[in-house]
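Residue strings, one per chain:
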Amino acid sequence: MKKALLMAAALLLAPLTVSAVEYKEGVHYTVINDGPGTAKPEITEFFSFYCPHCFNFSKTVVPKILAEKPEGVAFNQAHVDFIGKEMGVEMSRAFAVAHQLNVDEKMDAALFSAIHEKKQHFTSRDDVRALFVANGVDGKAFDAAADSFMVKAQMAKMKRDTENAKISGVPAIVVNGKYRVETGAIKSYDELLDIAYYLAKKQ
């Protein structure tokens, strides 16, 4: 009898335990856009190739997001240009070029590795171009893409989105173009993802 009463009590308390995980505006996330947000649920990571935390994030957390994100939720990335001085802009260009040439997965890894593992010092667009060529990208294709309207448009959008979301440090997560996850309130990357998935469902 006593055992049955304990089981009944546990069942009654279970819903309370589940609903206790309630993320709060102003603590766990900030509303950055009073509008309706994106048409479809999406999680966007803002990052920089120069950021060591972003390098670690790319190896440990991004693969987890791609494998575990809820069905119907898109994952995007946006490079910020406020780290690395003038080369920050060139790295944003490199990210956009890689995307336009469909070599983003290969070149993202190559750029991160060159900076953080090989300690390569980039001083100009020519240095970035040389890395693309070393990884099998035709130099003329790089040049054409680097000055193309599509790359310039993507760079402008990433800069605009960074400013609109008031991103001051990376990696940072914005959900549905409406919510910025507040990393100061989280204890782990797992909690960061839980908040992101929670916000994606608020659409």
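Worth saying up front: this structure is predicted, and the values here are computed from it rather than measured.

Draft legend 1. Focus on helix 4 (residues 86–100). For helix 4, which comprises 15 residues, the first-to-last C-alpha distance of 22 Å matches the rise-based estimate of 21 Å (1.5 Å per residue) to within 8%. The buried fraction of helix 4 is high, at 11 of 15 residues. When we look at burial in helix 4, the residues that qualify are M87, G88, E90, M91, S92, R93, A94, F95, A96, V97 and A98. In this structure, the buried residues of helix 4 make contact with strand 2 (42–47), strand 3 (74–79), helix 5 (104–116), helix 6 (125–134), helix 7 (139–146) and helix 8 (149–164).

Draft legend 2. Up close: the pairing of strand 4 (residues 172–175). Burial of strand 4 is two-sided: the residues A172 and V174 facing one way and the residues I173 and V175 facing the other way are all buried. Direction of pairing for strand 2 relative to strand 4: antiparallel, over a ladder of 4 bridges. Residue pairing in the sheet places I43 in a bridge with V175 of strand 4. Pairing geometry for strand 4 and strand 5 (residues 179–181), over 2 bridges, is antiparallel. From the neighbouring strand, V175 faces strand 5, where its bridge partner is Y179. Count of turn residues in the strand 4/strand 5 antiparallel hairpin: 3 residues, of which N176 carries a positive phi of about 60°.

Draft legend 3. Focus on the sheet that holds strand 1 (residues 29–31). Spatial ordering of the open sheet is given by 1-5-4-2-3, a layout of 5 strands whose pairing is mixed. The open sheet has two edge strands, strand 1 and strand 3, and neither has a second partner. Sheet twist, expressed as the mean angle between neighbouring strand axes with direction ignored, is 25°. In this sheet, strand 3 lies alongside strand 2 in parallel orientation, the contact comprising 6 bridges. By the bridge assignment, I43 is partnered in strand 3 with F75.

Draft legend 4. Inspection of the packing of aromatic side chains at higher detail. Across all of its chains, the model carries 10 aromatic pairs by this definition. Geometrically, the ring pair formed by Y23 and Y198 is edge-to-face, given 5.4 Å between the ring centres and 70° between the ring planes. With Y23 in the loop between helix 1 (2–19) and strand 1 and Y198 in helix 9 (residues 189–200), this residue pair connects regions lying 175 residues apart in the sequence. Y198 sits in the partly exposed class, given a relative accessible area of 23%. Centre to centre, the rings of F49 and F112 are 5.0 Å apart; their planes meet at 75°, and the pair counts as edge-to-face. Of the two residues, F49 is situated in the loop between strand 2 and helix 2 (52–60) and F112 in helix 5; the sequence distance between them amounts to 63 residues. The two residues F49 and F112 agree in class, both being buried. Aromatic rings pair up to connect F47, F49, F55, F95 and F112 into one cluster.

Draft legend 5. View of the side chain of H116. Within the fold, H116 resides in helix 5. In contact with H116, not counting residues within four places along its chain, are F49, Y50, C51, P52 and F55.

Draft legend 6. Quick peek at the confidence of the model for the chain. When the pLDDT values of the chain are averaged, the result is 90; 89% of them are 70 or greater. A low-confidence stretch, residues 1–20 (pLDDT under 50), is modelled with 0 contacts involving residues beyond four sequence positions or located in other chains.

Conventions we followed
- Residues numbered from 1 in each chain as written.
- Predicted model: local features only at pLDDT ≥ 70, side-chain atom pairs only at ≥ 80, totals over all residues.
- Heavy atoms only, no water.
- Helix = DSSP H or I, 4+ residues; strand = E, 2+ residues; numbered from the N terminus.
- Expected span 1.5 Å × (residues − 1).
- Buried < 20%, exposed > 50% of the residue type's maximum accessible area, 1.4 Å probe, protein only.
- Contact = heavy atoms within 4.5 Å.
- Pairing = 2+ DSSP bridges.
- Axes fitted to C-alpha atoms, helices over the stretch in contact; angles between N-to-C directions.
- Phe/Tyr/Trp six-rings, centres within 6.5 Å; stacked < 30°, edge-to-face > 60°.
- pLDDT = per-residue confidence, 0-100.

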